[in-house]
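Breakdown of the fold
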There are 2 protein chains.
Amino acid sequence: MLIGNAVVGQSGGPTAAINATLEGVIRGALECDNIKKIYGMRNGIEGFMDKRLIALDEIFKDEDTLRLLGQTPAAALGSCRKKLPDPNSDKAEDVDFYARLFALLEELDIRYFFYIGGNDSMDTVAKMTKYAEKVNYDVRIVGVPKTIDNDLMMTDHTPGFGSAAKYIASTVREIIRDCSVYTVKAVTVVEIMGRDAGWLTASSAIGRIVDGTAPDYVYLPECPFDMESFYKDIEKAFERKPYVVVAVSEGLQFADGTYVGEGTQSGSTDVFGHKYLAGTGKALEMAVKNRFGCKVRSVELNLPQRCAGHLLSNTDITESVRIGRAAVHAAAEGVSGEVMVFVRKDTDAYKCDIEHRSVMNIANSTRYVPDEFISDEKNNVTDECCKYLAPLIEGEYPVVFEKGLPKHIIL
Amino acid sequence: MLIGNAVVGQSGGPTAAINATLEGVIRGALECDNIKKIYGMRNGIEGFMDKRLIALDEIFKDEDTLRLLGQTPAAALGSCRKKLPDPNSDKAEDVDFYARLFALLEELDIRYFFYIGGNDSMDTVAKMTKYAEKVNYDVRIVGVPKTIDNDLMMTDHTPGFGSAAKYIASTVREIIRDCSVYTVKAVTVVEIMGRDAGWLTASSAIGRIVDGTAPDYVYLPECPFDMESFYKDIEKAFERKPYVVVAVSEGLQFADGTYVGEGTQSGSTDVFGHKYLAGTGKALEMAVKNRFGCKVRSVELNLPQRCAGHLLSNTDITESVRIGRAAVHAAAEGVSGEVMVFVRKDTDAYKCDIEHRSVMNIANSTRYVPDEFISDEKNNVTDECCKYLAPLIEGEYPVVFEKGLPKHIIL
């Protein structure tokens, strides 16, 4: 039995469920006899290096505070986007980085290290695991997935995705209601997050299998975008009704690999080399206006889709707590260098088990929307896709409000 | 006692509460012995002219259906933006228009006419009232206000505003949580609806008197916008913390009357001569990026702020039902040519009475945010403003969901 302290950090972009997972990790740590103290690192690994830590076990002593944490959107501990150096690098600064990092772990007697994050954060877990093996430091390092993008390998879905999907599906159906009130021809382009994978954009269509309310077309980054086919799709929709609503992914690309929103985007990239995209909806708005001369509007769902804590999927939040808790129990039982995952059991009633997989199989690859979830015309998702998505948005988490506003905890 | 049929229409931009008012009108009509049938006109007065009517009393026979209507966002009957001609015009087409309109009222034995709408819609109520007097047609015409903009004269606030304000205040605090996770300098500009009046933008600040979470600055269209003061405000905020969040109204203008978003807007106008604005946030995003070289993001709350039926102010929805019902009862008692209004009773506990005022005093003028609600530096609202706004967002209307999505009724 490995006895010592634990530390937990959050990394990558915010989600509405990342604090529910933190709640789960804290609950797990409070339950485990092997874990003495649980620290939270501010701003992920960056803050840890500066020893910016808070004692979570001293803050979360009662049920109400833990519950409040779970409903607060965006990383309560703060986040970072630091990319760790190669653990086998012999560059002086890289050697020094890992030496300092592991000296700090030892100084604080950290034997349990939990990192809640997306694809890039699992890269941190993988590298630290490799380095720990190299220097033979006894620590259990476990990653807990978090991303609204749902694009991690090996897991049925990711914590945080369900709430984002619920917000998107609800908001898009409200936009459809809004657009349906006039009789003049109009096109509304809703731009949804998703740089590489179209899961979030796909979720705008869930209403179709509930009551038939869904966008007329759904364009995913998995399929090359073609302007002429797009115009033809709109023409066809206009034959049926005056208002057309389409959902587009921010990451849409033409066949030659240029981004649809390229013209209106800044062109800068983040430290992982990802391009910042923001202009897909706007670019298509202008294109449709030029082509059809009708009223056109683009709506970018923007930040609210990843931080709308006022509308949370009960499935997502309860699962997010569960997976955080499970990570701690797995670590206590000896698991390390692994990432916790959801495995959907093939039954009619939705049920997910929590297991773990080697981080080496997860980091730095992307899970795309598969072909069978995309229509033959590449302009919508299939009912099968909606059926996969539907259970993830089920249930409304009972958010506590104070004087009309969702209550948050600030650490 | 005037006995006959009633007709109700919805006009102007959608809100999340306009169907709650329709619910109230239907409830009122079902209760009144003077009213035999209640018709709904599709797409407002435009649809009425084409005799596109539905028998609401035949559809809404049970409590569940009425409740479902109340929580469905955007005009369930459809809307229009038709401006009626001058009732005293002697142009052939105008004379013909009113002749046809009133022949139709007579044909259908309409003695009660309810119009739910904003400023421009009250213009319709005023003109029809004048014409009815001129031709001595016995009909009770009552306007019921509806606008997220809260810019109607004579009323404490407008139905629909409270839910929009609740959505905005909740969403902006979530955006603040989202922006607070990183340590790099960043500015987020949230663009909020409000062409002329800053009520919606002001409501982003309500959290300040709840738990201190509010934008750093709030800029309203009531005050001329000055770029240098804006830059100074941001510099000052950066002295305290790395992330700055500002709320700006879409209608912001410089001292010379040009719109801040003018450069990036289309420049077209609607039939009432209003300019379409869309670019204020984007324009400020680019300006701040040029000036400070830091990370900048603009978030346009866009359509969801007026149609987010998944997050409704209980105060707003229950009041919206009440005012619709009250309109019918007032008409049954002889009121005509009037608009229903809220009158806030000056007590510590919030309480609003429903009264009515002459439509002539309401149509075609705008209620602005008064000076005492705006800070001396013109870059924020006062606590007094927040105190006026706070009760309007109180309570969460118990929205019915189906398979994870808010349930809507489609007429």
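Residues numbered from 1 in each chain as written. Chains lettered and ligands numbered in written order. Predicted model: local features only at pLDDT ≥ 70, side-chain atom pairs only at ≥ 80, totals over all residues.

1. What to know about the overall build of chain A
Cut-off, in case you're wondering: Here a helix means four or more residues in a row that DSSP labels H or I, a strand means two or more in a row labelled E, and each is numbered from the N terminus. Throughout, radius of gyration means the C-alpha value; the globule benchmark is 2.2 Å times the number of residues raised to the power 0.38. Partly exposed residues are those whose C-beta has more than 12 but fewer than 20 other C-beta atoms within 10 Å; 20 or more makes a residue buried and 12 or fewer makes it exposed, with C-beta atoms placed from the backbone. Two residues qualify as being in contact provided that their C-beta atoms, derived from the backbone, are within 7 Å of each other.
The secondary structure content of chain A amounts to 13 helices and 13 strands. For 411 residues, the compact-globule formula gives about 22 Å, and the C-alpha radius of gyration of chain A, at 22 Å, lands near that figure. Taking the principal axes of its C-alpha atoms as reference, chain A extends roughly 70 × 50 × 40 Å. Out of the 411 residues belonging to chain A, those deemed buried represent 56%. In chain A, the proportion of contacts linking residues at least 24 apart, taken out of those at least 6 apart, comes to 75%.

2. Points about the sheet that holds strand β3 (residues 53-55) of chain B
Residue and element names in this part refer to chain B. Applied cut-off: Strands pair, by our definition, only if DSSP identifies at least two bridges between them. To define axes, lines are fitted to C-alpha atoms, for helices over the stretch in contact only, and angles between the resulting N-to-C directions are given on a 0 to 180 degree scale.
Spatially, β3-β2-β1-β4-β5-β10-β11 is the arrangement adopted by the seven strands of the open sheet, whose pairing is mixed. Sheet topology places β3 and β11 (352-358) at the edges, where each strand pairs with a single neighbour. Strand-to-strand twist across the sheet, computed as the mean angle between neighbouring axes with direction ignored, equals 30 degrees. Two elements, strand β5 (residues 140-145) and strand β10 (residues 338-344), share two bridges in a ladder whose sense is parallel. Its bridge partner lying in β10, Val142 is registered against Glu338. Most of the contacts of helix α1 (residues 18-31) go to strand β1 (residues 4-10), to which it runs at about 175 degrees, and overall it touches β1, β2 (35-41), β4 (110-117) and β5.

3. Describing the sheet that holds strand β8 (residues 243-249) of chain A
Residues and elements named next belong to chain A. On the basis of which strands lie adjacent, the open sheet formed by four strands has the order β7-β8-β6-β9 and parallel pairing. The two strands at the open ends of the sheet, each matched to only one other strand, are β7 (217-219) and β9 (295-300). Strand-to-strand, the axes of this sheet are offset by a mean angle of 20 degrees, without reference to chain direction. Here three bridges tie β7 to β8, and the two strands are oriented parallel to one another. Of the residues in β8, the one forming a bridge with Tyr217 is Val246. Docked against the sheet, helix α10 (residues 280-292) engages β6 (186-192), β8 and β9, running at close to 175 degrees with respect to β9.

4. Considerations on the relation of the copies chain B and chain A
We count it as follows: The copies were overlaid by least squares, fitting only the C-alpha atoms of residues that reach a pLDDT of 70 or more in each copy.
By a simple turn and slide, chain B fits onto chain A: the slide is 0.0 Å along the axis, the RMSD is 0.0 Å, and the turn is 180 degrees. Here the symmetry operator amounts to a two-fold rotation axis. A share of 100% of interface residues in chain B that are also interface residues in chain A marks the association as one of identical surfaces.

5. Notes on the packing of helix α1 (residues 18-31) of chain A against helix α4 (residues 63-71) of chain A
Packed helices, taken two at a time, are described by the angle their axes make and the gap between the axes. Residue and element names in this part refer to chain A. Keep this limit in mind: In a left-handed crossing the near helix is turned counterclockwise from the far helix by less than a right angle, and in a right-handed crossing that turn is clockwise. Any residue that is not Ala, Val, Leu, Ile, Met, Phe, Trp, Tyr, Cys, Pro, Asp, Glu, Lys or Arg is counted as polar, Gly included; the first ten are nonpolar and the last four charged.
Where α1 meets α4, the axes come as close as 6 Å, and the angle between the chain directions of the two elements is 145 degrees. Both α1 and α4 take part in a crossing whose hand is right-handed. Contact with α1, carried on its side by Asn19, Ala20, Leu22, Glu23, Ile26 and Arg27, involves Leu66, Leu69 and Gly70 of α4 and no other residues of that element. Its residues placed into classes, the contact of α1 with α4 shows five nonpolar, two polar and two charged.

6. Section: the domain arrangement of chain A
Residue and element names in this part refer to chain A. The condition is simple: Domain limits in this description derive from either an automatic procedure or a database domain assignment.
Split by domain assignment, chain A resolves into domain 1 (4-147 + 309-365 + 397-406) and domain 2 (161-306). Look at where the C-alpha atoms of domain 1 and domain 2 centre, and you get two points 33 Å apart. Contact with domain 1, which involves 15 residues of that partner, is made by 11 residues of domain 2. With three residues, the top contributor of residues to the side of domain 1 that touches domain 2 is helix α12 (residues 314-332). When grouped by side-chain class, the residues that make up the side of domain 1 that touches domain 2 number six nonpolar, five polar and four charged.

7. Considerations on the interface of chain B and chain A
The interface is formed by 47 residues belonging to chain B together with 47 residues belonging to chain A. Within the residue set of the side of chain B that touches chain A, elements represented by two or more residues are α7 (161-179), β9 (295-300), α11 (304-307), β12 (401-402) and β13 (405-406) of chain B. Among the elements that take part in the side of chain B that touches chain A, α7 of chain B stands out by supplying nine residues, more than any other. Taken together, the residues of the side of chain B that touches chain A sort by class into 20 nonpolar, 16 polar and 11 charged.

8. Structural notes on the pairing of β9 of chain B
Remark: a regular strand shows side chains that alternate across the two faces of the sheet. All names here are of chain B. Among the six residues of β9, five are classified as buried, and the element is accordingly described as predominantly covered. As paired strands, strand β6 (residues 186-192) and β9 are joined by six bridges and run parallel to one another. Across the sheet, residue Glu191 finds its bridge partner in β9, namely Glu300.

9. Remarks on the nonpolar core
The test is simple: Defined on buried residues, the nonpolar core groups Ala, Val, Leu, Ile, Met, Phe, Trp, Tyr and Cys residues joined through C-beta atoms within 7 Å.
By size, the foremost hydrophobic cluster in this structure holds 252 residues, and its most contacted members are Phe114, Ala202 and Ala327 of chain A together with Phe114, Ala202 and Ala327 of chain B. If near-sequence neighbours (up to four positions away) are discounted, Phe114 of chain B is found in contact with Ala6, Val8, Val25, Val142, Val144, Ala327 and Val328 of chain B.

10. Considering unusual backbone geometry
Residue and element names in this part refer to chain A. A positive phi angle, close to 55 degrees, is found at Asn43, a residue other than glycine. Tracing the backbone through its elements, the reader meets Asn43 in the loop between β2 (35-41) and α2 (44-49). For Asn43, a count of 23 C-beta atoms within 10 Å corresponds to the buried category. You will see that Asn136, though not glycine, has its phi angle at about 60 degrees, which is positive. By secondary structure assignment, the location of Asn136 is in the loop between α6 (119-135) and β5 (140-145). Taking the number of C-beta atoms within 10 Å as the measure of exposure, Asn136 has 6 and is therefore exposed.

11. Let's talk about the packing of α1 of chain A against α12 of chain A
All names here are of chain A. What counts is decided by this rule: In what follows, roughly perpendicular refers to angles from 65 to 115 degrees, roughly parallel to angles under 35, roughly antiparallel to angles over 145, and oblique to any angle outside these ranges.
The contact between α1 and α12 brings their axes to 7 Å, and the two run at 40 degrees. Looking at the two axes, α1 sits oblique to α12. The two elements α1 and α12 cross, and the hand of that crossing is right-handed. Of α12, the residues touching α1 (which contributes Ala20, Thr21, Leu22, Glu23, Gly24, Val25, Arg27, Gly28 and Ala29) are Ile317, Ser320, Val321, Arg322, Ile323, Gly324, Arg325, Ala327, Val328 and His329. Residue composition of the contact of α1 with α12, grouped by class: nine nonpolar, six polar and four charged.

12. Section: the environment of Val296 of chain A
All names here are of chain A. Relative to the helices and strands, Val296 is located in strand β9. Taking the C-alpha atoms as reference points, Val296 and Asp346, separated by 50 residues in sequence, lie 43 Å from one another. Leave out the neighbours within four places in its chain, and Val296 touches Ala186, Val187, Glu285, Val288 and Lys289.

13. Topic: α1 of chain A
Think of an α-helix as 3.6 residues a turn; residues three or four steps apart then line up on the same face. All names here are of chain A. The cut-off we apply is this: One fewer than the residue count of a helix, multiplied by 1.5 Å, yields its expected span.
Here α1 spans 20 Å end to end across 14 residues, near enough to the 20 Å set by a 1.5 Å rise per residue. Of all 14 residues that make up α1, 11 are buried, and the element is covered over most of its length. Along α1, the residues that are buried comprise Ile18, Asn19, Ala20, Thr21, Leu22, Glu23, Gly24, Val25, Ile26, Gly28 and Ala29.

14. Focus on the environment of Ala202 of chain A
With respect to the element layout, Ala202 of chain A can be found in helix α8 (residues 199-203). Setting aside chain neighbours within four positions, we find Ala202 of chain A in contact with Val218, Leu220, Val369, Phe373, Val381, Cys385 and Leu389 of chain A.

15. Digging into the confidence of the model for chain A
A low pLDDT score tells you not to read the predicted coordinates there in detail. Residue and element names in this part refer to chain A. Inclusion rule: pLDDT expresses, on a scale from 0 to 100, how confident the predictor is about each individual residue.
Residues with a pLDDT of 70 or more make up 96% of chain A, whose mean pLDDT is 94. Per-residue pLDDT stays below 50 along residues 264-272; that stretch engages in 19 contacts with residues further than four places along the chain or on separate chains. Across the whole predicted complex the pTM is 0.96, and at the interface the ipTM reaches 0.95.

16. A word on the environment of Asp346 of chain B
Residue and element names in this part refer to chain B. For Asp346, the location among the structural elements is in the loop between β10 and β11. Under the C-beta neighbour-count criterion, Asp346 is labelled exposed, with 6 such atoms within 10 Å. For the pair Asp346 and Phe230, spaced 116 residues apart in sequence, the C-alpha to C-alpha distance is 36 Å.

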